[in-house]
Amino acid sequence: MKLKVIFQSMRPSFLLLTFVCVFLGASTVVANQSSVSLSLLILALLGALLAHISVNTLNEYFDFKSGLDLETVKTPFSGGSGALPDNPEMLTTVYLVGIMSSSILFLIGMFFVWKTGVGIIPIGLIGLLLIATYTGWVNKHPFFCLIAPGLGFGFLMVVGTQFVLQGEYTTLSWLVSVIPFFLVNNLLLLNQYPDIQADINAGRKHFPIVYGVQRSTVVYGLFALLTILTILAYVVLGYLPVLALIALLPMPLAFFSMYGANKYGETLGYYPQYLGANVAVTLLVPLLLGMSLIIV
């Protein structure tokens, strides 16, 4: 039972995003015609997973402590895992999992500093800062809360993976990291809709709370449009191969999600097909983009 609660609090279904972002970072190394060390790639993936697990478990801990977890309506995509409300005796254990994950991540980061140089330090420090402040501080600042997910999974995870595999930063990894930046921001933005009232009661001030659902949906549409325009621009300018246009195939799912968000607003959680489509587009676009870089 204890292992089940710990596993549930890690939000395993959301960890797929980590695999996709690390894959995208590694694909830029292949595109740059550099070799990929399997051992370093596995270690980079482990570090990224630990970062994601730490954020998820600490978020579960603090959401339960604040009483937020007791107010949210649980859906497959929002409202928390429900692990701690059903097993409150595991509160300290889940907290320790989050702290241990961050600690092991720090050690992995120190290894990469020794292996690849100090260039990775800014990525690591910003990542650790995001983990430490996400629930307690980031969620109370609407604009930073809006872009923090994309910053972590897009720029930090994609570019960080590329750096530890190649030993230097490259233009391509920075360019492609913009794509998951927009998409992951949208992923978290829409997942906040069903929890707005509960989040207000818990003292959060994320973008949908401060600026409303209607404006948030406009921002969602803007990020989706920027995703499309960015990929098209990169192909036209020669930064990406023509095959990268396959990454645009899932984008209608984003506009399907936008339609649902515009129609149902705060009750979006009762219509999981829209939240599911949002998850799908977030995973599929970077995956297809990475595949196009490897194939060409």
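Residues numbered from 1 in each chain as written. Predicted model: local features only at pLDDT ≥ 70, side-chain atom pairs only at ≥ 80, totals over all residues. Heavy atoms only, no water.

**Student:** Could you give me a rundown of the overall build of the protein chain, with the residues and numbers involved?
**Tutor:** A tally of helices and strands in the protein chain yields 12 helices and 0 strands. When the elements of the protein chain are put in sequence order from the N terminus, they spell out α-α-α-α-α-α-α-α-α-α-α-α. The proportion of buried residues among the 296 residues of the protein chain is 55%. Look at the contacts in the protein chain between residues 6 or more apart in sequence, and 75% of them connect residues 24 or more apart. Surface accessibility of the protein chain: about 13000 Å² in total, with carbon and sulfur atoms responsible for 71%. Separation of charge centres in the protein chain, based on 11 positive and 10 negative side chains, amounts to 2 Å. (Helix = DSSP H or I, 4+ residues; strand = E, 2+ residues; numbered from the N terminus. Buried < 20%, exposed > 50% of the residue type's maximum accessible area, 1.4 Å probe, protein only. Contact = heavy atoms within 4.5 Å. Areas by Shrake-Rupley, 256 points an atom, 1.4 Å probe, with all protein chains shown as cover. Lys, Arg positive; Asp, Glu negative; His and termini not counted. Charge placed at Lys NZ, Arg CZ, Asp CG, Glu CD.)

**Student:** Go over unusual backbone geometry with me, naming the residues and quoting the values.
**Tutor:** Glycine aside, residues mostly have negative phi angles, and peptide bonds mostly take the trans form. Look at Arg 11: it is not a glycine, yet its phi comes out positive at around 55°. With respect to the secondary-structure elements, Arg 11 resides in the loop between α1 (2–9) and α2 (16–31). A positive phi angle, near 60°, is found at Gln 33, a position not held by glycine. With respect to the secondary-structure elements, Gln 33 resides in the loop between α2 and α3 (38–65). Since its relative accessible area comes to 75%, Gln 33 is described here as exposed.

**Student:** Tell me what's going on with a nonpolar patch on the surface, and back it up with residues and numbers.
**Tutor:** On the surface, Leu 243, Leu 253, Leu 284, Leu 287, Met 291, Ile 295 and Val 296 cluster together into a nonpolar patch covering about 550 Å² of accessible area. Counting residues per element, the nonpolar patch draws most heavily on helix α12 (residues 272–295), which supplies 4 residues. Judged by its relative accessible area of 59%, Ile 295 is exposed. (Patch = residues over 30% accessible without salt bridge, like charges linked within 9 Å, V, L, I, M, F, W, Y side chains within 5 Å. Salt bridge = Lys/Arg side-chain N within 4 Å of Asp/Glu carboxyl O.)

**Student:** So what's going on with the environment of Leu 151? Which residues, and what values?
**Tutor:** Structurally, Leu 151 can be placed in helix α7 (residues 142–166). Between the alpha carbons of Leu 151 and Phe 181 there is a distance of 6.0 Å; along the sequence they are 30 residues apart. Setting aside anything within four residues of it in sequence, one finds Leu 151 in contact with Ile 126, Leu 130, Leu 156, Phe 181 and Asn 185.

**Student:** Quick one: what's the story with the packing of α2 against α7, residue by residue and with numbers?
**Tutor:** One can describe the packing of α2 onto α7 by two numbers: an axis separation of 8 Å at closest approach and a directional angle of 45°. It follows from the interaxial angle that α2 and α7 lie oblique. Handedness of the crossing formed by α2 with α7: right-handed. The segment α2 lies against α7, with Leu 17, Thr 18, Cys 21, Val 22, Leu 24, Gly 25, Ala 26, Thr 28 and Val 29 engaging Phe 153, Met 157, Val 158, Thr 161, Gln 162, Leu 165 and Gln 166. The residue makeup of the contact of α2 with α7, split by class, is 10 nonpolar, 6 polar and no charged. (Axes fitted to C-alpha atoms, helices over the stretch in contact; angles between N-to-C directions. Parallel < 35°, antiparallel > 145°, perpendicular 65-115°, else oblique. Left-handed = near helix turned anticlockwise from the far one by under 90°. Nonpolar A, V, L, I, M, F, W, Y, C, P; charged D, E, K, R; others polar.)

**Student:** Can you lay out the pattern of salt bridges for me, pointing to particular residues and giving the numbers?
**Tutor:** Applying the stated criterion across every chain yields a total of 2 salt bridges. Across the pair Arg 11 and Glu 60 runs a salt bridge whose closest N-O atoms are separated by 3.6 Å. Here the residue Arg 11 occupies a position in the loop between α1 and α2, and Glu 60 occupies one in helix α3, the gap between them amounting to 49 residues. The pair formed by Arg 11 and Glu 60 is uniform in burial state, with each residue classed as buried. Taking the shortest distance from any N to any O, the salt bridge between Asp 199 and Arg 204 comes out at 3.7 Å.

**Student:** Talk me through the nonpolar core; I want residue IDs and the actual numbers.
**Tutor:** As a rule of thumb, nonpolar side chains are buried together in soluble globular proteins. Core analysis: the largest hydrophobic core is formed by 65 residues, its most contacted members being Val 176, Leu 240, Met 251, Val 285 and Leu 289. In terms of residue count, helix α8 (residues 171–191) provides more of this core than any other element does, 12 residues in total. Residue contacts for Met 251: discarding those within four places in its chain leaves Leu 183, Ala 224, Thr 227, Ile 228, Val 281 and Val 285. Residues Val 29, Leu 50, Ile 120 and Ala 148 belong to the second largest nonpolar core, which totals 24 residues. (Core = buried A, V, L, I, M, F, W, Y, C linked by side-chain atoms within 4.5 Å.)

**Student:** Help me get a handle on helix α10 (residues 207–237), residues and values and all.
**Tutor:** Taking 1.5 Å per residue, 31 residues should reach 45 Å; α10 reaches only 34 Å between its end C-alpha atoms and comes up short. For α10, the principal kink sits at Val 213 and spans about 100°. Downstream of α10 by one or two residues, Gly 238 has phi in the positive range, about 90°. (Expected span 1.5 Å × (residues − 1). Bend = angle between axes of the 7 residues up to and from the residue.)

**Student:** Describe the environment of Phe 111, and please don't skip the residues or the numbers.
**Tutor:** Relative to the helices and strands, Phe 111 is located in helix α5 (residues 91–116). In this structure the C-alpha to C-alpha distance between Phe 111 and Pro 180, which are 69 residues apart in sequence, comes to 26 Å. The contacts of Phe 111, once residues within four sequence positions are left out, are Leu 40 and Leu 43.

**Student:** Describe the packing of aromatic side chains, listing the residues and the values that go with them.
**Tutor:** On inspection of all chains with the given rule, the structure shows 19 aromatic pairs. Taking 6.2 Å as the distance between ring centres and 80° as the angle between the ring planes, the aromatic pair formed by Tyr 234 and Tyr 239 counts as edge-to-face. Among the residues examined, Tyr 234 registers a relative accessible area of 10% and is labelled buried. Owing to a relative accessible area of 44%, Tyr 239 belongs among the partly exposed residues under this scheme. (Phe/Tyr/Trp six-rings, centres within 6.5 Å; stacked < 30°, edge-to-face > 60°.)

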